Structure formats: structure tokens, C-alpha cells
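In case you want the letters, here they are:
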Amino acid sequence: VTDFTLAGCIQAPDGDGAAGGSACGDRVRITLRVVGEQIVGARFGALACPAATAAAAWCATRAQGRPFLAAARLSVSDCLRDLELEAARADCALIALDALHAALGDALSRVALASAPERVVVAMSGGVDSAVALARTHASGADAVGLTMRLWIDPAAPDASRACCSPDAVRRARDLCHSLGLPHITLDGREAFRAAVVDPFVSAYAAGETPNPCTRCNGSYRLDAMVGAADALGAPVLATGHYARRVRRGDVALVARAADPAKDQSYMLARVRPAVIERLRFPLAADTKDAVRAEASSQGFAAAGVRESQDVCFLGGGDLRGFLVRHGFDDEAGDIVDETGAVLGHHAGAAAFTPGQRRGLGVAAAAPLYVLRTEPARGVVVVGGSERLQRGQVDLRETVLHLPLRRVEAKLRARSPAVGATIEPLTGPGRLRLLLDEPVSAIAPGQTAALYDADGAVVGSGIIDAG
Amino acid sequence: VRVYCDHAATTPLCDEAWQAMEPFLRERFGNASEPHWAGREARAGLTDARRRAAGALGCRARDIVFTGGGSEADNIAVLGRCGAAQGRVVSSPIEHPAVGRALAALAERGLEVVLAPVDAEGVLDLEALADLVRPGDRACFVIWANNVTGVVQPVSAIAELCAERGVPLHLDAVQAVAGVDVDLAALPGEVTIAVAAHKLGGPKGAGLLAGPGIGSLCPCLHGGGQERGLRPGTEDVAGAAACATVVERAQTAEAHRSLLRELRDQYESTLGERVEGVRFASAGAERLPGHSLTLLDGLRGDTLVALLDREGFAVAAGSACSSGASDPSHVLQAMGVDRERALGALRISLGDLSEPAHVPALVDAVERAVVPLRAAAAAL
């Protein structure tokens, strides 16, 4: 029985969330007025089937007059139970709950909950690692709050709804929180993420570089936004499911290699500022992936069975070249040349060739040829023998050094070991040169260089420059 | 309040139907195919039912085949004409699923199904139909009175053009028998019609297939050869008796139809005056007398139905959300009604249970229910 008392919308609301419009065309909107910790007003809009309309009214009724975090605990199963709806109506109720949680996330930028020392915000991607991070935080007695950022995903991607940070991933994270009786907040980061991470990704390829969007996202977008959300929620710390340790060097908090070298994710966090690291906690620092997966299975988490993706999340399982072309990369066919400029063959588009790449060139030669660099401005891919890929030094830009070291271990891409290096200053802000102890093959401009001290702490980082 | 305005969905058993069927449930229980006294008693009832139904519908008694309902009658006709899934048939885009999906299933196996268009009122385009129906076609299938809009098709003209081309015509008359005069004798050619008793005050699970076209149907069900081999199985004499009775009753209910038409017109004129953003589908066409399809802007018909149900009114939506997929009625889509408006459809069908006082009460209830629904939609 739908109560329409709260039908309508709050003008200039503190939180505004809408959902639906896809498969069935049903739409729901929830608007909220928040004062202090309380949701003092809630209204719903709906053009939807009876079940979704009833669920929208239920969301408004149950949110109004409740503390902000109590509303963040409202779940699809609560709704189905209260309204005595059949399980087959879960999709209908979900539209309303999606709208409510979107409104709560939207309100976060205007909410300032009182500081709560025991509160821990847990960053959840919908995957198995963050699920276990949440469970452990909860089990430790902390006042855990789940937080998932919805990020932009290429709408043309084959897995647009299933990728990390997709609607499905958000719901999986939310369902887990709710099953433990915990609140969950969804932050809609789609537009900001696109501007902060996706656009620079495309630009970097257009400039002939091979960017690392994950280090950029962690370093200058996602973790900042989530620490900001933790501030709003009154939480002193943000726990994540990364395999990394947090260490201290004097006054500075740094990320360090995880106990399990096979799963270490410190490189992905290399660009994170110490002020942010200060706030982070890594409940999985001492674990192996297998142990974490086993723990998730034993607790029956849906995330335990989710396929792990190592790919760039916003590609959503799609291919890089197609993505770049769809997003304004003017990828024309051109020549494959050697370093003297002699034409050895042709390519269908220079996008997505990366230094060191051997496959896909289609050029026959006596000795194997590798991509040395791409020059998108000229439309050429330059190739050469493997010896031409070896470099003994590398220049970095946008460099940050947290400690004034001269000797470091430099990790120049995600899946290659670190090499000893000596730092040499260069003129220009944020620029320095690494003199490598031994030559390294296939160094790709645009990739992140993570600089470690002898104990595995990330003491600095930079972006590899074409030099 | 309990007001029933969904007679197009089904109707309660009327006294006449109960009296007609009751003797055959216990006293005259026999198997009508048996030669003994019990069989004779049942057979007499079946013969009587067949004669009465034929009289009411204007055909020979032997051209009545009692079936287990309207959908079954439609399927026997579809499969009886084109069960081999070969050749070509012509139909309309506004058929009941009993015909539409039966044809679609055969189309997957190779039958060529051509749909003649309807106009914005939901009336079949006769010129287009005349162009589409060709000699040699297996059959033409048309719904006589539409279950969504209530529109009555010009079946005399359709029968004539089919007869001229020698193409058998099947008419789904499940809704039509309640509201229009059905005279098979006036329709030329190999015509069949499908009828369901429960739309007329009869029991569920009883119906008939009638018309001179029956003789050329191929059997699709196999058994003891009952009902001219088209609907084998021990005859449901009680159902047949009730079916004949309600068909006779519906075909002699001129006064009742006039009353329903008055009530329907009163509903439409008062609702149109009192509620903004309302129009009535097919209002310019000939419709069943108690039938109105109301299109309301800015709301979902199925949600309106739920609200009216809470007030005690049983009405129907033009569409329903089936677990996350609201599909507007295919009938309205064929008429070119846009999706949003089609999802705001409310079907009212008056009949035996209707009383004059129901109309103002229903209008009041719709007027009340529309306000919060539109407020909620306006908040999007």
C-alpha cells in the first residue's frame, strides 16, 4: 500500500538522486534535506510500476526523520519485507533504493557528521579484497561504513555494467554492507573521474605516451575524494583492500611493499600524497590473495566469485584501440619505420602501440623488431632491434620526493622488477634523472616510476618523460 | 466498496448459465458418446446446446465445435489452417496473443505472416487489407472486437473481400459476442469464429468454434474424434450447455447493451471534464458498448490500477510490469500511440455487475488517484 504523503521534491535539496530509465523505463527520484546528522526531510518522485512506486514512497518514509547513517543502512531486502513484496519484485525495489543511495551520496558534499573516533570508512570496489577489508574492519569492533565510488565506464564497453565500480559492483558492495547491518554510501564520481583520469589518458596516447591511469586515479582523484568523504562522515581513517603496508619515516607516512610480493600493490599507490596516506589503513597488508579469497568464500561473500580484472576499469573489457578511436583519438593508418626513417611496413593506427611491443607489427625482418616509440603527430611507429630498447638512464617529470634520498630502487612499470638507481637533479620544476645501475628494456614514456627505499617504502615518484 | 469494472477480463457465472449446466454435473453425468441411457441423457443435452448456440450465432448446428475456451478455439483455427507452417496468411497487429503468438510460433517454422495496418483509431485499413489478401492465402485472421480498445472491426467488408479471393477468414469473437450482433449467416465465405463462455457470464474453460469454415479445418488434436475430430476428448456437456445459454443471452441483450453504452459514455464525459490530460482511445470508432480505454498523461496505468484496487475498484491496465519490463500494449503501439502515453492506459469494461451508481464513484476514485500519481511523476 503506497503512502503518497511524501510525493514531491524538496527545492534546492541537500541530496538528490535519480535511478531507472533503462530496461523498463520506470524512474524514481529521491530528494533529501539534511540538518546536522539528521535527514529532516525526504520526498519521492516516481513514474513507475506499483512495486517501484511503493518502494520509492517507502524509501522517503523510512529516511525522513532518521540519522543520515541509518538511512544508509536501508536495503532492498528491508523494503521487500516491509512491503510484503515477492522476491521477483527485487528489481523494481532496486530502482528506488538506487535513487535513495544516490541521494545520500549526493548529500555527502553538504553533510558534516560529528567526528567519531571509532568510525572507519571502508573503500569498496565490489571485489573480493575490499569485501574482506570491510569484514575485518567490522569484526575488529570499529564502526565500519562502506563507501563505493561509481566511476565512469565507456558506455560502449562489453562489460559496462559488470566492471569494477559499475552499477553491479556498487550494488554488490552495498548488499554486503547491508547484510552485515552496516551503512553504505555511493559516491557518484563519474564526471569528475572522466575529467581527472580518462581525458588525460586519451591525451597521453595522443602524445605518443603509454599512461598508467590507475596510479593517476589513486594519486590525484579517487583516494582524495574518498578521504574527503571520510571527513564528511566524521571518520578519522579510510581502510582499503590494497595489498600494501603503511610505514612511517620520521613525520611522513608512506606506502610500502606488501608482505606478499606477488600481490604487492604499492606501485599503484605510488602517486598518493603523504597527507592522504596518513589517513589510510590496509587491513590486507600481511595477506596473500589466496588467503583473502578463502576468507571471503568461507563467509559466503558474493564478491568471492567475481572474476578479477587486471585491465583498465573504464575500458570495461573493451579493446584499447577501439576505445581511443571512439574518444577522439584521430587514429589513421601510417608507416612503420626504422630509426633511419626507412619504411618497413604499415599499421592501421598508431594508437595502442607501446614501446617493447613485438606482436602485431606484421613486419618481416632478419632479427626481431620491437616498437621503440610512436610518433602520433607523424602517424609513424618507429621500430628497431631489441638492443635499441635498452636504456641506462630515464628522465622523470612531475616528480615528488618525500625523502631527500640519492639512492633508490626504481620500478618503471607495474609488472617489472625495481632496479637500483641514482638520482641526479635536472633543471626545471619536478624534473630529475635516474641513472640506472643496469640497462632496462622497453621503458615507456607516460608510465609511472615508483621510487623505493631499501626497506620497500615508496619515497617518491614521477612520470617517465620521453626525454 | 467493491466495484467490478473488468468484465473484459472475466465475468461471474450468471443464474441462467448455472441452471443450464447444473443437471449435467451430477444427474445427467454420462459420456455423450456412449450408446446407453446415461450417454443418451448427456448427448441430448449436447445436441440441444449445439442447436441453441447455432441458432444464436446464425449457423448450422453441425458447424458448432465446443472447445475448452476461447484461446483453444483460436489455436484450433490457426493450426487447422496453417499448422504445417507453409504458405502465407494475413492478420492484424492487434490480435489477442491466442492468435498473434500462435501465428508467430508458426512464422518461426516458415509460415509467411503478413500484418495489415490499423489506423490511429485501431480500425483495420480495409484498402491495405484488400491489397494484402491474395487468392491462395491459407487464411486471414482478424480480432472482431479488440480486447484492449474495444474497437469493433468492419467484419462484413472483411468477410466479403476474403470470400471474393477464396481465402478462409477466422474471427476472434471472444469480446465481440458480448457487445455486437453476431450473425454468421450474413458473412460470406469460409468463416469461423472463436467464443469464450466466461466473458459472457459462463464458466471458465468452456468455449466454441463456429461457422461454415469449420468443415475445411485440419485437426490438430487427436483422440476419440469428438466434435468433428477437431476437439477430441469426452464432451463437457455442462460447459457446452452453459456456453450455448450465455451466447443466446448475450445475443438477445439489446437493452443491456444500451444501458452499458450510456454508462460508458457518462464515464468518459464526466472523467474528461474533471481530469486534465485524459483521452479515450478509439473514441471515434465503433466500440463495444461497455468498454473504455482511458489514456492518462503523467502516470503509469498499472500503478493507477493498484491505487483503484485499494479503493475497491477492479479495473485493468493497458499494460503491466512483468518483473522489470513495462511493455506498452502492442495494440496501442500499432495505433501509433507513443510509449509514455500507452503506459498510462486504464481499461474499464462494464457488464453484468455494473450499476449506474458505479460510474460516478469510479470517476471520483480515478480523479482522486490521479492527483498523487501525477504529483509523484512531476517530482522527477
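Residues numbered from 1 in each chain as written. Chains lettered and ligands numbered in written order. Predicted model: local features only at pLDDT ≥ 70, side-chain atom pairs only at ≥ 80, totals over all residues. Heavy atoms only, no water.

Caption draft 1: Up close: the overall build of chain A. What chain A contains, in helices and strands, is 11 helices and 20 strands. For chain A, the C-alpha radius of gyration of 25 Å lies close to 23 Å, the compact-globule estimate for 467 residues. For the C-alpha atoms alone, the extent of chain A along its principal axes is close to 80 × 50 × 45 Å. Put simply, chain A shows about 19,000 Å² of open surface, and 51% of that area lies on carbon and sulfur atoms. Here chain A contributes 50 positive and 52 negative side-chain charges, whose respective centroids are spaced 1 Å apart. (Helix = DSSP H or I, 4+ residues; strand = E, 2+ residues; numbered from the N terminus. Rg over C-alpha atoms; globule rule 2.2 N^0.38 Å. Areas by Shrake-Rupley, 256 points an atom, 1.4 Å probe, with all protein chains shown as cover. Lys, Arg positive; Asp, Glu negative; His and termini not counted. Charge placed at Lys NZ, Arg CZ, Asp CG, Glu CD.)

Caption draft 2: Just the packing of aromatic side chains, in detail. Residues and elements named next belong to chain A. Taken as a whole, this structure holds nine aromatic pairs over all chains when the rule is applied. With a centroid separation of 5.8 Å and 65° between ring planes, the pair formed by phenylalanine 193 and phenylalanine 314 is classed as edge-to-face. Here phenylalanine 193 is found in helix 7 (residues 190–206), whereas its partner phenylalanine 314 is found in the loop between helix 10 (289–298) and helix 11 (320–326), with 121 residues between them in sequence. Using a relative accessible area of 1% as the deciding quantity, one classes phenylalanine 193 as buried. Exposure remark for phenylalanine 314: the relative accessible area of 1% places this residue in the buried category. Following the ring pairs from residue to residue traces out a cluster consisting of Trp152, Phe193, Phe201, Tyr205, Tyr221, Phe314 and Phe323. Its end group placed over the ring of tyrosine 452, arginine 257 keeps NZ or CZ at 4.0 Å from the ring centre. (Phe/Tyr/Trp six-rings, centres within 6.5 Å; stacked < 30°, edge-to-face > 60°. Buried < 20%, exposed > 50% of the residue type's maximum accessible area, 1.4 Å probe, protein only. Lys NZ or Arg CZ within 6 Å of the ring centre and 35° of its normal.)

Caption draft 3: Summary view of the pairing of strand 4 (residues 112–115) of chain B. All names here are of chain B. Relative to strand 4, strand 3 (residues 88–91) runs parallel, the two being bridged by four bridges. Following the sheet pairing, valine 89 is matched in strand 4 by valine 113. As for the winding sense of the linkage, the β-α-β connection from strand 3 through helix 4 (residues 97–108) to strand 4 is right-handed. (Pairing = 2+ DSSP bridges. Right-handed = clockwise from strand over helix to strand, strands pointing away.)

Caption draft 4: Structural context of the interface of chain A and chain B. Counting residues at the interface gives 24 residues for chain A and 23 residues for chain B. Of the roughly 1,800 Å² buried at the junction of chain A and chain B (both faces included), carbon and sulfur atoms supply 62%. When the buried surface of chain A facing chain B is broken down by residue, Phe4(A), Cys24(A) and Leu47(A) rank first, second and third, together holding 32% of it. Put simply, chain A and chain B have one salt bridge between them. (Contact = heavy atoms within 4.5 Å. Buried area = accessible area lost by both parts, 1.4 Å probe. Salt bridge = Lys/Arg side-chain N within 4 Å of Asp/Glu carboxyl O.)

Caption draft 5: Structural view of the packing of helix 5 (residues 128–139) of chain A against helix 10 of chain A. Residues and elements named next belong to chain A. Running from N to C, helix 5 and helix 10 point in directions that differ by 65°, and their axes come no closer than 9 Å. Put simply, helix 5 runs roughly perpendicular to helix 10. Crossing handedness for the pair helix 5 and helix 10: left-handed. Residues Val128, Asp129, Val132 and Arg136 of helix 5 touch helix 10, and the partners they reach there are Lys289, Val292, Arg293, Glu295 and Ala296. Class assignment for the residues of the contact of helix 5 with helix 10 results in four nonpolar, no polar and five charged. (Axes fitted to C-alpha atoms, helices over the stretch in contact; angles between N-to-C directions. Parallel < 35°, antiparallel > 145°, perpendicular 65-115°, else oblique. Left-handed = near helix turned anticlockwise from the far one by under 90°. Nonpolar A, V, L, I, M, F, W, Y, C, P; charged D, E, K, R; others polar.)

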